[in-house]
Each structure stands twice: as structure tokens, then as C-alpha cells.
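Structural description and commentary
Spelled out, the chains give:
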Amino acid sequence: MKKITLITGATTGTGYGVAQKFIKMSHNVCITSRDAKRAEQAAEELKAFGDNQVEVFGFGLEALQENQVISVFDILKERGYLVDKLILVAANMGLNMPNFFEVPYEDWIRVIDTNIGWNFMISRQAAKHMVALGGGAIVVVGSVNGIRTTKNRSAYCTSKTGLHGLARNLAVELGSYHIRVNTVVSGGIKTDRYYARPEIQNSVHNKTPYGDIAEFSDIANAAYFLADDSSARIITGAELAVDGGALAQFVYEEEGIRLPDGITFAD
Ligand SMILES: NC(=O)c1ccc[n+]([C@@H]2O[C@H](COP(=O)([O-])OP(=O)(O)OC[C@H]3O[C@@H](n4cnc5c(N)ncnc54)[C@H](OP(=O)(O)O)[C@@H]3O)[C@@H](O)[C@H]2O)c1
């Protein structure tokens, strides 16, 4: 059996960048998308980043359809591949939802289900392949919103906190099978959304101490570091912040935090 890396939500943006990295590093890669055609097209394009030996597949995978999840892993096995690395990028961002008082529960729980339950389903099938291989690695793309939180994004922030918890739990559940599970805690990423919307560019998350936020390659490099046994052999259950220091910063001067009389930020 040959080894393959499975990356969810990888037809564009961050996931595509992660796929590029693994392909450039000569890994066989399977990308997934809710749109099967787009996945196949992106897989064809991505082949250009690898040498002739590298195989790239694209599969459709609807959110929360466990039978489809099982079928993707079965098809890979039939083709002679076992998944040794899983990178969970796809997420329901829970954007543009009504506020806390008005959001329909069905919409709220859908975000939680997608970002936790669906990743649980995929991780479980991947872990079966990894057990057969004698080990493997799962990398979850989490968020600074899983550690801190943002007003009006209750569903997304809660889901990412849960996802970080799932990763820690899987690290413990699967450790004895030599399966490592870690989280990239992503701060802002320069997505198309970021470039299209000035309010995102100006949001507090994107004013980092370092003065910059992540390119796709920054997330890809961190995911690769955590997935690769030569860099992270003994790292499991860990969270790696890729956020320009955003989480480390206590207050944002720009927010106009009121300090006691006579005390300045310089103190
Ligand atoms: N963007 C940021 O600033 C930021 C900050 C912190 C953390 N993150 C995390 O980093 C990862 C990538 O972020 P991104 O902004 O690049 O993500 P994105 O492009 O919004 O989403 C990534 C992929 O997830 C899939 N997806 C989107 N909505 C979905 C839904 N409702 N249900 C199921 N799948 C869905 C899409 O794939 P298909 O359409 O092909 O299915 C999409 O290409 C995510 O896990 C995100 O939570 C991002």
C-alpha cells in the first residue's frame, strides 16, 4: 500500500496552499470539496506542483455525510492508498449569521456539527488507515477564535474551541497507535475575503504585534511541520499559534482601553 495525505476544503485558498506544500514535498495527496467537479479540477491543477511520481486525487465530500466519508477512504484503499496524514482545513465560518438573540438554533448547531462532528467522522476513518500503517498524523486547522472569542460569532468560536478539544482528545485516544494529533491555531489569513472587505483587514485580530497576518504558505508550513515525523515526532496534543503574536497580546491600545488616572500604556 502507498501512503497519501488527505486535505479537506482544498480547492482554493488555505487548503489549496496546504495541498501545494505537501505535493511539493512529494506526498501523494487527496483533496476534498463539497463540489466533486471542483475537487477533480483542482487536483488536476495541483499535479503541476509535484514531480511525476506524485498522485493527486480530488473527491466530493458533503458536510456531515458519514457514508460519503467512509466511501472516500474505501475508494482510496481500493486504489492502493492508505491515509497516513490528515489535514482538516474545511470549516463553516458561520459568517453573516443573525446575532445571538436572533440566530435560529438550526443554523447555530449546523456550524458546530460541521466543524466538530464532521471532523470527528473524517478523523475516525483516517485513524483506521493510520492504525493499519502503524501510525500517522492529524492536523486540525483551528483558530484564535477557539481560544479567545469574537462578539456575534458564537457558533464559529464555540465550534473552534470544541475542535481544539477534539484534537487534544484524539491525541490521547490515538497515542498508543502512534497517531499524533495537533492543532494549528490560526490567526487572520490573507484570503480573498480579507482582500475584499476592509472591515476584516481593520479588525482587531488582524492588528498583530508582529504587524502582519498569515499567508496561505504560513499555515501550510505549520501544518507540514506538525504532520511530519522528522520535525514533530514527539509532538502531540499541542497547539501552535500562527497569529503574529495576536494571542500573546493582552490589550489593544487602539481599542481605547481606559486605564486608571495617571497610568499610561507606556507603564
Ligand atoms: N480566514 C481566516 O482569517 C481564518 C482565521 C482563523 C482560522 N481560520 C481557519 O483556517 C481554515 C481555512 O480558512 P479559510 O478562510 O481559508 O476558509 P474558507 O475558504 O472559508 O473555507 C475553507 C473551505 O471549507 C469549505 N467550506 C466552506 N463553507 C463550508 C460549509 N458551510 N460546510 C462545509 N465546508 C465548508 C470550502 O470548501 P468547498 O467549498 O470546496 O467544500 C472552503 O474552500 C478554516 O478552518 C478556518 O476556520 C481562518
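Above this text you will find the structure in question.
Residues numbered from 1 in each chain as written. Predicted model: local features only at pLDDT ≥ 70, side-chain atom pairs only at ≥ 80, totals over all residues. Heavy atoms only, no water.

Next up on the list: helix H1 (residues 13-24). Compared with an ideal rise of 1.5 Å per residue, which puts 12 residues at 16 Å, H1 spans 17 Å between its outermost C-alpha atoms and is within 8% of the ideal. Within the sequence span of H1, burial applies to Thr14, Gly15, Tyr16, Gly17, Val18, Ala19, Gln20, Phe22 and Ile23. Ser26 occupies a position one or two residues after H1 and carries a positive phi of about 70°. (Helix = DSSP H or I, 4+ residues; strand = E, 2+ residues; numbered from the N terminus. Expected span 1.5 Å × (residues − 1). Buried < 20%, exposed > 50% of the residue type's maximum accessible area, 1.4 Å probe, protein only.)

Let us now look at the sheet that holds strand E2 (residues 29-33). Pairing is parallel in the open sheet, where 7 strands are placed in the order E3-E2-E1-E4-E5-E6-E7. Unpaired on one side and paired on the other, strand E3 (56-60) and strand E7 (239-242) mark the two borders of the sheet. Sheet twist, expressed as the average angle between the axes of neighbouring strands with direction ignored, equals 25°. For strand E1 (residues 2-8) and E2, the ladder comprises 4 bridges, and the chain directions are parallel. Opposite Ile7, over in E2, you have Ile31 as the bridge partner. Each of E1, strand E4 (81-88), strand E5 (136-143) and strand E6 (179-186) touches helix H4 (residues 105-133); the most contacted strand, E4, lies at about 140° to it. The sheet contacts of helix H8 (residues 216-227) involve E4, E5, E6 and E7, and relative to E6 the element is tilted by about 160°. (Pairing = 2+ DSSP bridges. Axes fitted to C-alpha atoms, helices over the stretch in contact; angles between N-to-C directions. Contact = heavy atoms within 4.5 Å.)

Here we take up the side chain of Asp228. Along the chain, Asp228 turns up in the loop between H8 and helix H9 (229-232). One buried charged residue, Asp228, remains without a salt bridge, the closest side chain of opposite sign being Lys85 at 5.3 Å. Dropping the residues within four chain positions of it, Asp228 is found in contact with Arg180 and Arg233. (Lys, Arg positive; Asp, Glu negative; His and termini not counted. Salt bridge = Lys/Arg side-chain N within 4 Å of Asp/Glu carboxyl O.)

On to the layout of surface pockets. To find leftover empty space, one rolls a probe the size of a water molecule over the atoms. By volume, the second largest pocket is sized at about 330 Å³. What lines the second largest pocket is a set of 18 residues, among which His178, Ile179, Arg180, Asp229 and Arg233 lie closest to the centre. Counting only elements with at least two residues in the lining of the second largest pocket, the list comes to E4, E5 and E6. Of the residues belonging to the lining of the second largest pocket, the class tally is 6 nonpolar, 6 polar and 6 charged. (1 Å grid on protein atoms, 1.4 Å probe; cavity = no way out; pocket = protein on both sides within 12 Å on 5 of 7 lines; lining within 4 Å. Points joined across faces, edges and corners; volume = space filled by probe spheres on them. Nonpolar A, V, L, I, M, F, W, Y, C, P; charged D, E, K, R; others polar.)

Time to look at empty space enclosed by the protein. Within the structure shown, the criterion is met by 1 cavity of 30 Å³ or more. Taken as a whole, the largest cavity encloses approximately 80 Å³ of empty space. In terms of lining, the largest cavity is formed by Gly94, Met97, Pro98, Asn99, Phe100, Val103, Trp108, Asn152, Arg153, Ser154, Ala155 and Tyr156. It is helix H5 (residues 154-174) that provides the largest number of residues to the lining of the largest cavity, a total of 3 residues. Within the lining of the largest cavity, the residues separate by chemical class into 7 nonpolar, 4 polar and 1 charged.

The values reported here are purely geometric and, on their own, carry no functional implication.
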